[in-house]
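# Working through the structure, step by step
This is what each chain is made of:
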Amino acid sequence: MSIGIPLRLMSEGDEFEEKRYDLTVIGGGLSGVCAAISAARHGLKVSLVNDRPVLGGNSSSEIRVSVGGADHDFRWARESGIVEELRIEDRYRNHESASNAKINSRWDMVLWEYVKREDGIDLYLNTTAREAVAKDGRIESVLAYQLGNERAYRIASDLYIDASGDGQVAFSAGAEYRMGRESRDEFGESLAPERSDKKTMGSSLMFRAVDTGRPVRFERPDWAREYRTDQDLPFRSHRRLDAGHWWIELGGTSDVIHDNEEIRDELLACLFGVWDHVKNKGDHGAERLALDWIGSVPGKRESRRFMGDHILTQDDIELRRGFPDVVAYGGWPIDLHPPDGIGGKQIPADIHAIPGIYQIPFRCLFSRNVENLMMAGRNISVTHVALGSTRLIATGAVEGQAVGAAAYLCRKYGKTPKEVCQDHIEELQQLILRDDCYLPNTRNRDPGDLARQAKVTSSSDMVLEETTPDSYVALDSELGLNFPVSTGYLESIDLHLRCSSPSGVEASLTLGTANNWDDKEPTEELLTSRAFVPRGDSWVTFDTDARFETDYCSIRLDPGPDIEWAMSARNLIGVQRTGPGDFKKLRGTYLFKTVPESRPYGGENVINGVARPEGWPNIWISDPRQQFPQSLQLSFQEDRRIRQIRLTFDTDIDRLVDIGPVPQCVRTYSLSYRTGGEWLDLLRVDENHHRLVVHDLDPVSADSVRVNVLETWGSPRASIYEVRIY
Ligand SMILES: Cc1cc2nc3c(=O)[nH]c(=O)nc-3n(C[C@H](O)[C@H](O)[C@H](O)COP(=O)(O)OP(=O)(O)OC[C@H]3O[C@@H](n4cnc5c(N)ncnc54)[C@H](O)[C@@H]3O)c2cc1C
């Protein structure tokens, strides 16, 4: 039996629950989650409003897009800060890999738990922020409706971050925006269409298939599309069948916001058509596969982009333009999907490589005409072409962390985001770095960090060499290495080579300078050195006798018949192997040693201001031949009052661990300090698996601090990127 209750209509005035915060974040995708956590950790009272039941946006188990970013093409480029904390926690807990098909609710729950554990955040799930109440270019409140409990809220706050993708709140507040593609001439973008139009990239539905171990029948529903031959799906690889296909994409030629429901239905018709194709139209090896999960929330790529004081363009990305107000970075190629989506006959993604990671200025992250509104994620101030790169989830996450920190400065100084950009950008950048985000070419200059004045010594440090072979690579084409040189001088270089010619052969090595590991060609060629390679396996010495002005050197071994170079599968931080193909994606290291030894992993790196490879490895690594414990000591000239120690460990920002803890990461460590000539224990941590660890202390007076590494998750080396002391 049901009792009929008259429908209660929500109306402004008496029905809204009044809420008040310092900051309201709209959208619980990764950009919004990182924004909310960042602001809350700086002491703000935050509301996080998400219209769906789980956090993560496109990366949630409701849509299942894997988190991507700058590390796809560039080494040691993975986004750090809060997004790293979340991903590392997920990898630590999850039993499945992080690829699209494997995304599961464990990830949603990591996000939920990390948000809920912040006292400063009130989380409103299932809550649509429908409208902004705005006056004189300022948002006063947001009206929000919650599903399932018939409650409505008027959420007032000083600042707003729209991280919702579509930007319903920003739009209703009257924030200037663009939607569609700019013409080629407007910003001089060669990748833009000749004429501007209203078209966007489309939305997609993902799926997951499982191998049932027995033949499974599939009958195409009559409402599904039919793709009779592979020619009906040109350029759309469907070899991999367990995960969905991002190219099941539609909506770019219609209105991707207002036609969302029609787009979803049509995407389902396409998805079932594609499944029918792999099951029933030719042998795709799908006989035992069954559809296990089908997305029902279209994942969107593009809609409104809100305009800030700067609009990021193709040139900004391709020229890697430096901005004085850099607060985030990107590194995905410019990846433009034609608006026709699956209906088109052209390639589904037009991908243009970019030369390196690029900067995103703060001026792209706040509205140019709504003074208390910031943005993060895919709706920031970029052109359609630039969005081809900036829309990545981890890029949005570091933008989110940046605007969360900016919100704190807005409150601290009683200023708008624009004023913070003008008056406090250095402080904002230093906050962002302190919280473990990376800003290209920006160093720690935090005057509060006592560690910067310390003298650092270590129990040992690793010599730069690789001597354990896992395989051999034939010298069919030029092979080489870029590596850091700590001595400014190289007398000789030894390479481990294997020769199959009975009488041996001569090999030729070119030595040059380089500015970094990612210089494909030497900056300057210094000399060529020849050496005789005898039959069999041997270490071959190339005399070099060269001095260096640069921190990096480049060696190139000329192609030669009958020679192979021994290779290790291990990666050395800040060392790049070069050879044929996309050299930035090459992993592993050729075997080499130098005379004199190069020692770029010294303890002093932990206070040099950069917490990842950039022009130098910037990490302390202990000598793997020595047992744990290994330690770092930071000593001051006189006693300092210490209330916080921040440690940045190595969670391998070159490659995300598949499952479990990161072998390089320090697991067990202790901190001790010296006062009045006596060493005292401070604390011990047993199961660390994170990159950034912050220890708030009852203040102590100390002239030295020691970090004692007792164990890692598998690596024989202790490695630490940064130590900060406050
Ligand atoms: C199929 C597909 C494949 C992709 N592949 C990749 C990839 O491999 N790697 C990658 O990094 N990126 C990929 N992308 C792009 C990426 O997913 C998006 O660009 C990114 O998720 C945008 O992040 P965001 O935080 O701005 O928005 P979202 O992730 O969409 O999060 C926005 C959140 O806000 C909520 N929201 C919206 N409106 C409101 C409202 N009015 N009130 C309250 N909440 C609201 C949404 O429900 C959502 O939870 C892909 C996209 C698609 C569709």
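Refer to the preceding data block for the structure.
A brief report on the enclosed structure follows. (Residues numbered from 1 in each chain as written. Predicted model: local features only at pLDDT ≥ 70, side-chain atom pairs only at ≥ 80, totals over all residues. Heavy atoms only, no water.)

## Concerning the packing of helix 1 (residues 30–41) against helix 2 (residues 82–93)
Our working rule: Every axis corresponds to a line fitted to the C-alpha atoms, with the helix fit spanning only the stretch in contact, and the corresponding angles, defined between N-to-C directions, vary from 0 to 180 degrees. The secondary structure listing takes helices from DSSP runs of H or I that are at least 4 residues long and strands from runs of E that are at least 2 residues long, numbered from the N terminus. For classification, angles of less than 35 degrees are called roughly parallel, those exceeding 145 degrees roughly antiparallel, those between 65 and 115 degrees roughly perpendicular, and all remaining angles oblique. Crossing handedness: left-handed means the near helix sits turned counterclockwise from the far one by under a right angle, and right-handed means the same turn made clockwise. In what follows, a contact means two residues having at least one pair of non-hydrogen atoms within 4.5 Å.
In the contact formed by helix 1 and helix 2, the axes pass within 9 Å of each other and the chain directions differ by 110°. Classified by the interaxial angle, the pair formed by helix 1 and helix 2 is roughly perpendicular. Note on packing geometry: the crossing formed by helix 1 with helix 2 is right-handed. The segment helix 1 lies against helix 2, with Leu30, Val33, Cys34, Ile37, Ser38 and Arg41 engaging Ile82, Val83, Glu85 and Leu86.

## Section: the sheet that holds strand 27 (residues 576–578)
Our working definition: By the convention used here, strands pair only if DSSP detects at least 2 bridges between them.
Within the open sheet, the five strands sit side by side as 23-22-25-20-27. Their pairing is antiparallel. Single-partner strands in this sheet number two, and they are strand 23 (524–533) and strand 27. Strand-to-strand, the axes of this sheet are offset by a mean angle of 20°, without reference to chain direction. Bridge analysis of strand 22 (residues 505–514) against strand 23 gives nine bridges, and the strand direction is antiparallel. Across the sheet, residue Thr513 finds its bridge partner in strand 23, namely Glu524.

## Side note on the side chain of Arg64
Put simply, the test is: Definition of a polar contact: a pair of N or O atoms within 3.5 Å, with one able to donate and the other able to accept a hydrogen when the atoms are protein atoms, and with sequence-neighbouring residues admitted only if both atoms are side-chain atoms.
Within the secondary structure, Arg64 sits in the loop between strand 2 (46–49) and helix 2. Side-chain polar atoms of Arg64 contact the backbone oxygen of Ser61, separated by 2.9 Å.

## Digging into the nonpolar core
Note the cut-off: Take the buried Ala, Val, Leu, Ile, Met, Phe, Trp, Tyr and Cys residues and link them wherever side-chain atoms come within 4.5 Å; each set so joined is a nonpolar core. The rule is simple: take the accessible area with a 1.4 Å probe, protein chains only, and divide by the maximum for that residue type; under 20% is buried, over 50% is exposed, in between is partly exposed.
If you look at the biggest cluster of nonpolar residues, it comprises 101 residues, and the most contacted ones within it are Leu86 and Phe362. With 12 residues, helix 9 (residues 393–413) is the largest single contributor of residues to this core.

## Some words on the site of the ligand
In plain terms, the rule: Only heavy atoms are used to decide nearness, and a residue is near a molecule or strand if one of them lies within 4 Å of it. The Shrake-Rupley method, run with a 1.4 Å probe sphere, supplies the accessible areas, and residue values consider only the shown protein chains as cover. Gly counts as polar in this scheme, as do all residues outside two lists: the nonpolar Ala, Val, Leu, Ile, Met, Phe, Trp, Tyr, Cys and Pro, and the charged Asp, Glu, Lys and Arg. Domain start and end points were adopted from an automatic or database domain assignment.
Taken together, 31 residues lie around the ligand, and Ser31, Asn50, Asp51, Arg391 and Ile393 are the ones closest in. In the environment of the ligand, an oxygen atom lies 2.5 Å from a nitrogen or oxygen atom belonging to the side chain of Asp51. Isolated, the ligand exposes 990 Å² of accessible area, and the fraction of that covered by the protein chains is 91%. Looking at which element gives the most residues to the shell around the ligand, the answer is strand 4 (residues 127–135), with three residues. Each residue belonging to the shell around the ligand can be placed in one class, and the counts come to nine nonpolar, 16 polar and six charged. Two domains share the shell around the ligand, each providing at least three of its residues, namely domain 1 (2–181 + 302–434) and domain 2 (203–300).

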